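Okay, here's what each chain looks like letter by letter:
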Amino acid sequence: FFFQAEDGIRDSSVTGVQTCALPILVHPQRSDTVYVCVPGKLWSDSAERGVYRTQDGGASWQLVLRGANLSTGCSGLSLDPKNPNVVFAGLWDFRRKGWTFRSGGESSEAASGSGLYRSSDGGTSWQELSGKGLPAKPWGRVEVAVAPSNPKVVYTFVESKDSGLWRSDDGGRTFSASATVPGSDAPGNRGWEALGIGPEGRLFSVWLDHRTLAAPQQAAMTAEHHHDSASMPAPKDGVATAQLSQL
């Protein structure tokens, strides 16, 4: 549910987006314009997935970006602070099942609804970003962040056969690999838990090797912190590895 408070936090009311929503972005110049990233239901198909926008302070909502199928929802959302009409969104095709979790298509080779999108008119229309230096599809989870210190710099995490962090220095027109995940051979093998950029332009990311979490005897966790890392080191055998990177 998405709540709106008219007087701080004392009186909140439910608005039109009746599902889990994260993140939520408020237009820095027009506070009545808000974008909501909705991943959708975890266990089943849902037509509510995607990017929603309100231009009247939450009185009404429009689904401005939807996935190619009913299992694809929004996984990341970021806007250019100097030109808020430029919005980036990551879409993620996923499904929780009783015995497993699917990130991407039904197999490592199957088509996926995941993708990276850019809007230059405040979310009215969208262009999918593919090729341009990004890894080959199919993809799993996608996250995106615009650097507030220099909006031409855009970072995206892409889960794929070549999972890693990709950087654009021209506002999303082209990308290059900034950090790679060794040994990643299919969407779903490795994921990340957070991606953010500080006001001074430092990038912080947290990733986790989910494969090692399946066995209780591998429940130990090793955390590592890297400055200016060119690549992410391979996880130690038999250890569930988490890593915090600062670039």
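Residues numbered from 1 in each chain as written. Predicted model: local features only at pLDDT ≥ 70, side-chain atom pairs only at ≥ 80, totals over all residues. Heavy atoms only, no water.

1. Focus: the overall build of the chain
A tally of regular secondary structure across the chain gives zero helices and 19 strands. Counting every position in the chain, which comprises 247 residues, the buried fraction comes to 51%. Put simply, 47% of the contacts in the chain that link residues at least 6 apart link residues at least 24 apart. Roughly 11600 Å² of accessible area belongs to the chain as shown, and the carbon and sulfur atoms make up 51% of that amount. (Helix = DSSP H or I, 4+ residues; strand = E, 2+ residues; numbered from the N terminus. Buried < 20%, exposed > 50% of the residue type's maximum accessible area, 1.4 Å probe, protein only. Contact = heavy atoms within 4.5 Å. Areas by Shrake-Rupley, 256 points an atom, 1.4 Å probe, with all protein chains shown as cover.)

2. Description of the environment of Gly133
Its place among the elements puts Gly133 in the loop between strand E11 (127–129) and strand E12 (142–146). For the pair Gly133 and Ser176, spaced 43 residues apart in sequence, the C-alpha separation works out to 5.5 Å. If we skip the residues at most four places from it in the chain, Gly133 touches Trp166 and Phe175.

3. Overview of the confidence of the model for the chain
Summarising the model, the chain shows a mean pLDDT of 76, and 64% of its residues fall at 70 or more. Within the model, the stretch residues 7–14 combines pLDDT values under 50 with 12 contacts to residues more than four positions away or in other chains. The low-confidence segment residues 210–247 (pLDDT under 50) makes 88 contacts with residues lying over four places distant or belonging to another chain. (pLDDT = per-residue confidence, 0-100.)

4. Topic: the pattern of salt bridges
Counting across every chain of the model gives seven salt bridges. Here Arg102 makes a salt bridge to Glu106, at a shortest N to O gap of 3.4 Å. Assessed through its relative accessible area of 10%, Arg102 is described here as buried. Among the residues examined, Glu106 registers a relative accessible area of 59% and is labelled exposed. With its nearest N and O atoms 2.1 Å apart, the salt bridge here joins Glu109 to Lys161. Note that Glu109 is positioned in the loop between strand E9 (101–103) and strand E10 (115–119) and Lys161 in the loop between strand E13 (154–158) and strand E14 (164–168), a separation of 52 residues in sequence. Judged by relative accessible area, Glu109 falls into the exposed class, the value being 55%. A single salt-bridge network, built from bridges that share partners, covers Asp93, Lys97, Arg102 and Glu106. (Salt bridge = Lys/Arg side-chain N within 4 Å of Asp/Glu carboxyl O.)

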